[in-house]
Amino acid sequence: MRFKPSLLVLLVVAALSAAPAYAQIDLTGTWQRVGQNDNGASREPVDLLGMPFSADGRAKALSYDIASLSATERQCQMYPPIYAIVGPFPLQFTMVPDPVTQKLLAWKIAGWGDRDETVIWMDGRPHPSKNAPHTHGGFTTGEWEGDTLTAVTTHFKLGDIKRHRGFNSDRATMTYRFNRHGDVLTVTGLLEDPVYLAEPYALTEIYRLTTNPNNFPLTACEPIEELPILHENPALVPHYLPGKHPAMNEMTEHYNIPLEAVVGGPETMYPEYRKKLKDKYVMPPPCKDGCGRPPAPGQGRGQGQGQGLDQQGAPPAGGRGAAPPAGRGGGRGAAPQ
Amino acid sequence: MSRALVVVVASMFLAFGLVRLDAQRGNPQPPRAPKAAAPFDLTGYWVSIVTQDWRWRMVTPRKGDYQGVPLTLEAAKVADTWDPAKDEAAGLQCKSYGAPALMSVPGRIHITWQDDNTLKVDTDAGMQTRVLRFGAAPKEANTTRTWQGVSQAEWLLPRPNVPLQLRPTERSADTPPIRPSGGTLQVVTKNLRAGYLRKNGVPYSENALMTEYWDVYTRPNGEQWLTITTQVEDPQYLRTARLVAPVFKKEPDGAKWDPTPCSSTW
């Protein structure tokens, strides 16, 4: 019998099909943020607790006046990639198939009004040159490690990383780990920044798969006139001079937490830092208002449930167009550009 | 190509393939002990990284601060009666070091294999020990309720069979291969003694059920990070599940290990 080459091909294909399978998992769908942590919530403008800022990062954070977001040209600037973890909205995953093979080409996490979409390229393409332009969303590649998706984002812009309380530079790198456990998705984020961080900034957020994504923001940002003082004098750039932030002591006044901890730094995120606090901290009086208390029967929704701690009276996470609190910003410390 | 050679080559491919398929499908292979079957190494010293919920973890939060915890009204009433001095006097200073809260307490953990089927997790904060047993669950009726309860552990390995559509499209030749590693440690804990989710008296009941997923990430620079997704269900004191995910970083040794007894006030 004469052997046909096609048989050999079939045999080879059969053998190769038995090679170790990649362990991968489907992330498609809308994942509702559980939001039981303080990632996106803080009422005090100076709250760098546990954030591993370098001296430059701290200086940058303390010079920032949220009123600068009311400048027309800044109202629609987007948040950096870490906002996927600290922002208030769900993660909406879709699969991008290769048009020919239908295999996975990329994952896409939909953008919001103030966060660019994230496209996680899975085809092994390299990151761009260091001189390539940076975008709000950056450039992201992903790789499976077992059932875990690891994604790395580079080439994004400077932006504020926690409710206007600190910044990443445009040299930062964001690494995500997506671990799905049934209908629970845990995202671990590691932000590294040679300019503003002394150590990686690690955050986690947990999401639940939902079939009712009714709070997904679809509106686009539209600049409007917000602060008359900025409209009248477009050269003003709201900011605070070193040591002049008017809210510097609010955390200490509200929670008795020493200022040295409030301004962050890598040592504040390690357990041994508690020893430094022990003799300086006195528990403040009981909380009376906005403390996450559940609702009494018939009083509806309680505080601190659902979409994160923002429900508890903290300012909206987006902050876009938010007027500064009375007596803060809007020209205080503003200087001609 | 001679027919005989073709037959030999084809047989080798087939044999190789069948063996691999057999392994992937979980067909009979001698079971390995959990220690030997561990998909990653958890042993060693890990330090908690407190970048989240700092105000509720690094200091004792003020009474009545329940933000972030989906507690019931009944739970709030219980928490309103929190009296740390009373707890201390009653010898209950470890109430905030029970398993549902322990991994969020700032400190270091030391993980070792107690035997081939048991992981031991010691903490320096509160000097507690969690015992994570693999295999058949012990009979609860004979077990006294404790701060750390009874923990059942299981390795969750990556799925061997993957939908074709989820496989990435062809990767260029110079990119590293996809690592078929991974896996998760799942731990289910019950038989708990009632305690506090938060230092300031936010309660969980003895009927609480905790499910954890321990995921390790090794970075390209060799650093290892651990995320423990923690879900606490307690129909008595929680309206929905409590879900947090504390993070740890591996340390080279125990040089910073600092055993500190439980405290109700700090």
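Report on the accompanying structure.

Topic: the side chain of Thr229 of chain B
Piece 1. Relative to the helices and strands, Thr229 of chain B is located in strand S10 (residues 224-233).
Piece 2. At 2.7 Å, the side chain of Thr229 of chain B forms a polar contact with the side chain of Thr186 of chain A.
Piece 3. In contact with Thr229 of chain B, not counting residues within four places along its chain, are His181, Val184, Thr186 and Ile206 of chain A together with Thr211, Glu212, Tyr213, Val244 and Ala245 of chain B.

Here we look at the environment of Glu74 of chain B
All names here are of chain B.
Piece 1. By the secondary structure assignment, Glu74 is in helix H4 (residues 73-80).
Piece 2. Here Glu74 falls in the partly exposed class, since its relative accessible area comes to 41%.
Piece 3. Sequence separation between Glu74 and Arg108 is 34 residues, and the spatial gap between their C-alpha atoms is 33 Å.
Piece 4. When residues no more than four places from it in sequence are discounted, the contact partners of Glu74 are Gln236 and Tyr237.

A look at empty space enclosed by the protein
Piece 1. For the structure shown, the criterion picks out eight cavities of 30 Å³ or more.
Piece 2. If you add up the space inside the largest cavity, you get close to 430 Å³.
Piece 3. Trp56, Arg57, Ser104, Val105 and Leu197 of chain B are, among the 29 residues lining the largest cavity, the residues nearest its centre.
Piece 4. Elements supplying a minimum of two residues to the lining of the largest cavity: strand S11 (201-210) of chain A together with helix H3 (54-57), helix H6 (99-102), strand S7 (195-198) and strand S11 (242-244) of chain B.
Piece 5. Of the residues contributing to the lining of the largest cavity, the split by class is 15 nonpolar, seven polar and seven charged.

A look at the pattern of salt bridges
Piece 1. Taken as a whole and judged by the stated rule, the model has 18 salt bridges over all chains.
Piece 2. Residues Arg55 of chain B and Asp65 of chain B are paired through a salt bridge, measuring 3.1 Å at the closest nitrogen-oxygen approach. In this pair, Arg55 of chain B is assigned in helix H3 and Asp65 of chain B in the loop between H3 and H4, connecting sequence segments 10 residues apart.
Piece 3. The exposure class assigned to Arg55 of chain B is buried, which follows from its relative accessible area of 14%.
Piece 4. The salt bridge involving Glu223 of chain B is made with Arg219 of chain B; its shortest N-O contact spans 3.0 Å.
Piece 5. Counted as one network, the salt bridges with shared partners bring together Glu192 of chain A together with Arg219 and Glu223 of chain B.

Considering the packing of aromatic side chains
Piece 1. Applying the stated criterion across every chain yields a total of 14 aromatic pairs over all chains.
Piece 2. Each ring, one from Tyr79 of chain A and one from Tyr83 of chain A, has its centre 3.9 Å from the other, and the planes form 20 degrees; the classification is stacked.
Piece 3. Of the residues examined, Tyr79 of chain A reaches a relative accessible area of 3% and is grouped as buried.
Piece 4. Judged by centre distance (5.4 Å) and plane angle (90 degrees), the rings of Phe93 of chain A and Phe178 of chain A are edge-to-face. Of this pair, Phe93 of chain A sits in strand S2 (residues 91-97) while Phe178 of chain A sits in strand S9 (residues 173-181), and the two are 85 residues apart along the sequence. Taken individually, Phe93 of chain A and Phe178 of chain A each receive the classification buried, so the pair is uniform in this respect.
Piece 5. Geometry around Trp266 of chain B places Arg274 of chain A over its ring, the cationic atom sitting 4.5 Å from the centre.

Here is what the cut-offs are and how they apply
Residues numbered from 1 in each chain as written. Chains lettered and ligands numbered in written order. Predicted model: local features only at pLDDT ≥ 70, side-chain atom pairs only at ≥ 80, totals over all residues. Heavy atoms only, no water. Helix = DSSP H or I, 4+ residues; strand = E, 2+ residues; numbered from the N terminus. Polar contact = N/O pair within 3.5 Å; in protein donor to acceptor, adjacent residues only side chain to side chain. Contact = heavy atoms within 4.5 Å. Buried < 20%, exposed > 50% of the residue type's maximum accessible area, 1.4 Å probe, protein only. 1 Å grid on protein atoms, 1.4 Å probe; cavity = no way out; pocket = protein on both sides within 12 Å on 5 of 7 lines; lining within 4 Å. Points joined across faces, edges and corners; volume = space filled by probe spheres on them. Nonpolar A, V, L, I, M, F, W, Y, C, P; charged D, E, K, R; others polar. Salt bridge = Lys/Arg side-chain N within 4 Å of Asp/Glu carboxyl O. Phe/Tyr/Trp six-rings, centres within 6.5 Å; stacked < 30°, edge-to-face > 60°. Lys NZ or Arg CZ within 6 Å of the ring centre and 35° of its normal.

Taken by themselves, the reported measurements are silent on function.
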